[in-house]
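Overview (structure and organization)
Here is what each chain is made of, one letter per residue.
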Amino acid sequence: MSDWLPATAVITGGASGIGLAIAQRLAARGTRVMLADLGGEKLDAAATSIDGALAQACDVSDLEDVKRLADAAFDGLGTVELLLNNAGVGGVRGKMWDVDPADARAHFDINFWGVWHGCHAFAPRMVEQDVPSAIYNTGSENSFFCAVPQTAAYIAAKHAVLGMTESLREDLPEHVHAGLIIPGWVFTPLGDARMMQHGMDVGQYADIVVPQLLARRRFVVSHRSNLKRIDERMDDLRASYAAHGVEDGADVRDKLAELFKR
């Protein structure tokens, strides 16, 4: 395990749920945190519950608002050594063809573009800091398979967060790590409480994932049962390649990497 401990952290979606639970555990270790969320009593109360915490109202779907968050964070904290792009909402429900495309786009504005905005606003400044730091994006088990039926927008957004995070890793220098948090079923305000209450306690979840954050893991995981569904997809993929894949001797990734170096 790594000895890394960020001196400072910015956590979006920090007023409740996973974001707040992680903030509390980091603060207990000595990290100074800024909680970002929609403005209001919930955000104020969350910040008050943590010694030295700062609060910043922010709508992550608005790039200019996220840029203001970055300004406030670097002004108030001096450095940002951990960015957790965690803000998100539950998905619009229904069969894919019954979902209004406008509702799906609005969902992407938060669950995907909100993460993109955080990376866009913070990453260049974290690179310039030249201190060990990390950007973690909150994905989902739905980044790898369809865990919740009839939530195509949510599942697609979380798959997109996985892809963006993996690409981001390749853009960053060694001192800025990027990773994906993959929550399973956790009891948070994200969905209907009648369903969510059967998930893992959010404090227990934070206790599992914070050590992985500090170890700078690429994937931060919890519910091992998810491997069953991940394996089902990958086994089908391997079977298709075994039956129909062509041995062409080409490694496109290596060839493209050489081209981009020129």
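Residues numbered from 1 in each chain as written. Predicted model: local features only at pLDDT ≥ 70, side-chain atom pairs only at ≥ 80, totals over all residues. Heavy atoms only, no water.

Right, let's get into the overall build of the chain. Counting its regular elements, the chain contains 10 helices and seven strands. Here the C-alpha atoms of the chain give a radius of gyration of 19 Å, agreeing with the 18 Å that 2.2 N^0.38 yields for 262 residues. In terms of its C-alpha atoms, the chain occupies a principal-axis envelope of roughly 60 × 50 × 35 Å. A burial count over the chain gives 44% of its 262 residues as buried. A separation of at least 24 residues holds for 67% of the contacts in the chain among residues at least 6 apart in sequence. Counting every atom, the chain has about 14,000 Å² of accessible surface; 53% of that belongs to carbon and sulfur. The positive charge centre, built from 25 side chains, and the negative charge centre, built from 35, are 4 Å apart in the chain. (Helix = DSSP H or I, 4+ residues; strand = E, 2+ residues; numbered from the N terminus. Rg over C-alpha atoms; globule rule 2.2 N^0.38 Å. Buried < 20%, exposed > 50% of the residue type's maximum accessible area, 1.4 Å probe, protein only. Contact = heavy atoms within 4.5 Å. Areas by Shrake-Rupley, 256 points an atom, 1.4 Å probe, with all protein chains shown as cover. Lys, Arg positive; Asp, Glu negative; His and termini not counted. Charge placed at Lys NZ, Arg CZ, Asp CG, Glu CD.)

The next subject is the layout of surface pockets. Quantified by volume, the second largest pocket comes out at close to 220 Å³. In terms of lining residues, the second largest pocket is bounded by Phe-144, Ile-182, Phe-219, Val-221, Ser-222, His-223, Arg-224, Asn-226, Leu-227 and Ile-230. Residue composition of the lining of the second largest pocket, by class: six nonpolar, three polar and one charged. (1 Å grid on protein atoms, 1.4 Å probe; cavity = no way out; pocket = protein on both sides within 12 Å on 5 of 7 lines; lining within 4 Å. Points joined across faces, edges and corners; volume = space filled by probe spheres on them. Nonpolar A, V, L, I, M, F, W, Y, C, P; charged D, E, K, R; others polar.)

Once that is clear, we can look at the packing of helix 1 (residues 17-28) against helix 8 (residues 202-214). Packing of helix 1 against helix 8 brings their axes to within 9 Å, and their N-to-C directions diverge by 60 degrees. What the angle tells us is that helix 1 and helix 8 run oblique. Like other packed secondary-structure pairs, helix 1 and helix 8 cross with a definite hand, here right-handed. Every residue of helix 8 that contacts helix 1 at Gly-17, Ile-18, Ala-21, Ile-22, Arg-25 and Leu-26 is listed here: Val-202, Gly-203, Tyr-205, Ala-206, Asp-207, Val-209, Val-210, Leu-213 and Leu-214. (Axes fitted to C-alpha atoms, helices over the stretch in contact; angles between N-to-C directions. Parallel < 35°, antiparallel > 145°, perpendicular 65-115°, else oblique. Left-handed = near helix turned anticlockwise from the far one by under 90°.)

Along strand 1 (residues 8-12), five of the five residues are buried, which leaves the element largely enclosed by surrounding structure. Here strand 1 shows no split at all, with Thr-8, Val-10 and Thr-12 on one side and Ala-9 and Ile-11 on the other all buried. Both strand 1 and strand 2 (residues 32-37) contribute to a ladder of five bridges, which runs parallel. Note that in strand 2 the partner of Thr-8 across the bridge is Arg-32. Handedness of the crossover joining strand 1 and strand 2 through helix 1: right-handed. Of the pairings in the sheet, the one linking strand 1 to strand 4 (residues 82-85) comprises three bridges and is parallel in character. Residue pairing in the sheet places Ile-11 in a bridge with Leu-84 of strand 4. (Pairing = 2+ DSSP bridges. Right-handed = clockwise from strand over helix to strand, strands pointing away.)

The seven strands are arranged 3-2-1-4-5-6-7 in an open sheet whose pairing can be described as parallel. Each end of this open sheet is capped by a strand with a single partner; those strands are strand 3 (54-57) and strand 7 (219-220).

Purely spatial values, then, with no claim about function.
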